[in-house]
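A structural walkthrough
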Amino acid sequence: ISGNSVETNVGSISDPGGIIVPGTCYGFNETYINASQLTPGNGYWIYANTDGNIIILSSVSAKTISAFTDRTEKANKLSFNNSDLYFGVSIPEEEMLSYQLPPKPPAGAFDVRFSGDSKLAETFGTIEVMNNTQDLSISYSINIDVGDGKRWMLVSSEGREYELKGSGNILMDGNVSQFTLRKVSSIPTEFTLSQNFPNPFNPTTSINYSVSENSDISISVYSLIGQKIINLIDSHVHAGTYTITWNGMNHTGVPVSSGMYIYALQSDSFTSVKKMILIK
């Protein structure tokens with residue numbers, strides 16, 4: 001739809017048949033955004049639950065759009081390049097249409113949504129991203145603990161895992177187009193050592209690892225000829241998932257040169273080795 005010749009408040013649109021789904025008026029400015037005003041010259045998308053007519057007037061006394069109660073105010077939030085998705089709250093089935101998004105925009109625009117064209121998921125979902133930037137910035141805020149000995153996990157299509165706890169930011173390559181949001185057990189079922197990220201890196205990189213039982217472990221960095229560069233960790237840890245960062249320095253605090261390095265996780269019952277590249 002388009003607006004009138006004067007700016008019109010969305011809430012004052014006359015909807016005599018009650019066909020408009022509350023909360024589903026969207027404008028477009030490089031990505032879809034909820035609109036509260038219809039500005040002359042701009043186009044807007046609304047979700048109607050059946051055929052019918054609406055009337056756009058600067059002032060009306062007829063029946064207007066139904067009031068919208070936003071259930072996302074206390075929900076967990078994921079923001080991709082400042083576009084928000086929500087999860088962790090239960091929404092009455094009759095209100096779910098209020099969280100539907102317009103059809104995907106043309107190629108070249110930015111868009112993020114849960115599969116099924118929704119901006120909200122209760123417990124899990126696949127996230128689809130259309131990115132028009134070189135990087136992808138993700139921020140999160142967890143207000144509702146998942147409970148039951150579980151934790152929220154965001155997994156990229158490349159297999160990188162990010163625990164969502166408290167609040168934080170993730171910066172990654174803009175080519176990633178899909179993620180999975182899910183609940184996982186707080187206690188890992190096996191030892192794992194993930195690929196460092198970013199890779200190549202300069203000057204720091206992060207390494208995720210999981211320990212399925214209380215263990216003495218070490219994570220060390222080596223040169224290609226087997227010379228130990230630094231111990232990143234050498235201690236007793238409890239079962240869980242952790243992240244450690246390497247700043248590209250050796251055990252004396254001197255920056256190492258560009259090149260390929262090997263890092264290894266070792267315990268009494270598990271060993272895993274991976275490669276990483278430092279570029280200056």
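First, a word on scope: everything that follows refers to the structure included in this document.

Each value, and the rule that gives it
Residues numbered from 1 in each chain as written. Predicted model: local features only at pLDDT ≥ 70, side-chain atom pairs only at ≥ 80, totals over all residues. Heavy atoms only, no water. Core = buried A, V, L, I, M, F, W, Y, C linked by side-chain atoms within 4.5 Å. Buried < 20%, exposed > 50% of the residue type's maximum accessible area, 1.4 Å probe, protein only. Helix = DSSP H or I, 4+ residues; strand = E, 2+ residues; numbered from the N terminus. Contact = heavy atoms within 4.5 Å. Pairing = 2+ DSSP bridges. Axes fitted to C-alpha atoms, helices over the stretch in contact; angles between N-to-C directions. Patch = residues over 30% accessible without salt bridge, like charges linked within 9 Å, V, L, I, M, F, W, Y side chains within 5 Å. Areas by Shrake-Rupley, 256 points an atom, 1.4 Å probe, with all protein chains shown as cover. Salt bridge = Lys/Arg side-chain N within 4 Å of Asp/Glu carboxyl O. Lys, Arg positive; Asp, Glu negative; His and termini not counted. Charge placed at Lys NZ, Arg CZ, Asp CG, Glu CD. Polar contact = N/O pair within 3.5 Å; in protein donor to acceptor, adjacent residues only side chain to side chain. Phe/Tyr/Trp six-rings, centres within 6.5 Å; stacked < 30°, edge-to-face > 60°.

**Comments concerning the nonpolar core**
Core analysis: the biggest nonpolar cluster contains 25 residues, and Leu78, Phe80, Ile127, Ile138, Leu164, Met172 and Phe179 have the highest contact counts within it. In terms of residue count, strand E11 (residues 135–141) provides more of this core than any other element does, three residues in total. Discounting residues that sit within four places of it in the chain, Ile127 has contacts with Leu78, Phe80, Leu85, Val112, Arg113, Phe114, Leu154, Ser177, Gln178, Phe179 and Leu181. One finds Phe201, Val237, Tyr261 and Met276 within the second-largest nonpolar core, a separate group that totals 22 residues.

**What about the sheet that holds strand E3 (residues 32–34)?**
Read from one edge to the other, the open sheet built from three strands follows the order E3-E2-E5, with strand pairing classed as antiparallel. Each edge of the open sheet carries a strand with a single partner, namely E3 and strand E5 (45–48). Between one strand and the next, the sheet's axes are offset by a mean angle of 35 degrees, whatever the strand orientation. In the sheet, strand E2 (residues 20–28) pairs with E3 via three bridges, with the strands oriented antiparallel. Considered in E3, the bridge of Gly27 is made with Ile33.

**A closer look at a negative patch on the surface**
A grouping of Glu213, Asp216, Asp234 and Asp268 is seen on the molecular surface, where their side chains present a negatively charged patch. Among the secondary structure elements, Glu213 is positioned in the loop between strand E17 (205–211) and strand E18 (215–222).

**Considering the side chain of Thr24**
Counting through the fold element by element, Thr24 comes out in strand E2. A polar contact is formed between the side chain of Thr24 and the backbone oxygen of Val21, at a distance of 2.7 Å. Looking at Thr24, its side chain comes within polar contact range of the main-chain nitrogen of Tyr47, at 3.3 Å. Other than its neighbours up to four places away in sequence, Thr24 contacts Trp45, Ile46, Tyr47, Leu97, Ser98 and Gln100.

**Thoughts on the packing of aromatic side chains**
For the structure shown, the criterion picks out ten aromatic pairs. Between Phe87 and Trp152, the ring centres sit 4.9 Å apart and the planes meet at 75 degrees, which makes this aromatic pair edge-to-face. Of the two residues, Phe87 sits in strand E7 (residues 83–87) while Trp152 sits in strand E12 (residues 150–156), which places them 65 residues apart along the sequence. The interplanar angle of 75 degrees and the centroid separation of 5.8 Å between the aromatic rings of Trp246 and Tyr261 together place this pair among those described as edge-to-face. In this pair, Trp246 is assigned in strand E20 (residues 240–246) and Tyr261 in strand E21 (residues 259–266), connecting sequence segments 15 residues apart. Using a relative accessible area of 1% as the deciding quantity, one classes Trp246 as buried. You can call Tyr261 buried: its relative accessible area is 7%. Each member of the aromatic cluster is reached from another via a ring pair, and the members are Tyr26, Trp45 and Tyr47.

**Regarding the pattern of salt bridges**
In total, this model carries seven salt bridges according to the counting rule given. Between Glu128 and Lys104 there is a salt bridge, with its nearest N and O atoms 2.8 Å apart. Highlighted residues: Glu128 in strand E10 (residues 125–130) and Lys104 in the loop between E7 and strand E8 (111–114), separated in sequence by 24 residues. On the basis of relative accessible area, Lys104 is assigned to the partly exposed category, the value being 41%. Salt-bridge contacts for Arg151 lead to Glu163; the nearest nitrogen and oxygen are separated by 3.8 Å. Of this pair, Arg151 sits in strand E12 while Glu163 sits in strand E13 (residues 161–164), and the two are twelve residues apart along the sequence.

**A word on the environment of His236**
Relative to the helices and strands, His236 is located in strand E19 (residues 228–237). For the pair His236 and Asn214, spaced 22 residues apart in sequence, the C-alpha to C-alpha distance is 7.2 Å. Discounting residues that sit within four places of it in the chain, His236 has contacts with Asn214, Ser215 and Asp216. At 3.0 Å, the side chain of His236 forms a polar contact with the side chain of Asp216.

**A few points about the side chain of Asp15**
Mapped onto the secondary structure, Asp15 falls in the loop between strand E1 (8–9) and E2. Only 3.2 Å separates the side chain of Asp15 from the backbone nitrogen of Ile20, close enough to count as a polar contact.

**Topic: the pairing of E21**
In summary, the side chains of a regular strand alternate between the two faces of the sheet. For E18 and E21, the ladder comprises five bridges, and the chain directions are antiparallel. The residue bridging Ser218 from the neighbouring strand is Gln266, located in E21. With eight bridges connecting them, E21 and strand E22 (residues 271–278) associate as antiparallel partners. Residue pairing in the sheet places Met260 in a bridge with Ile277 of E22. Where E21 folds back onto E22 in an antiparallel hairpin, the turn is made up of four residues.

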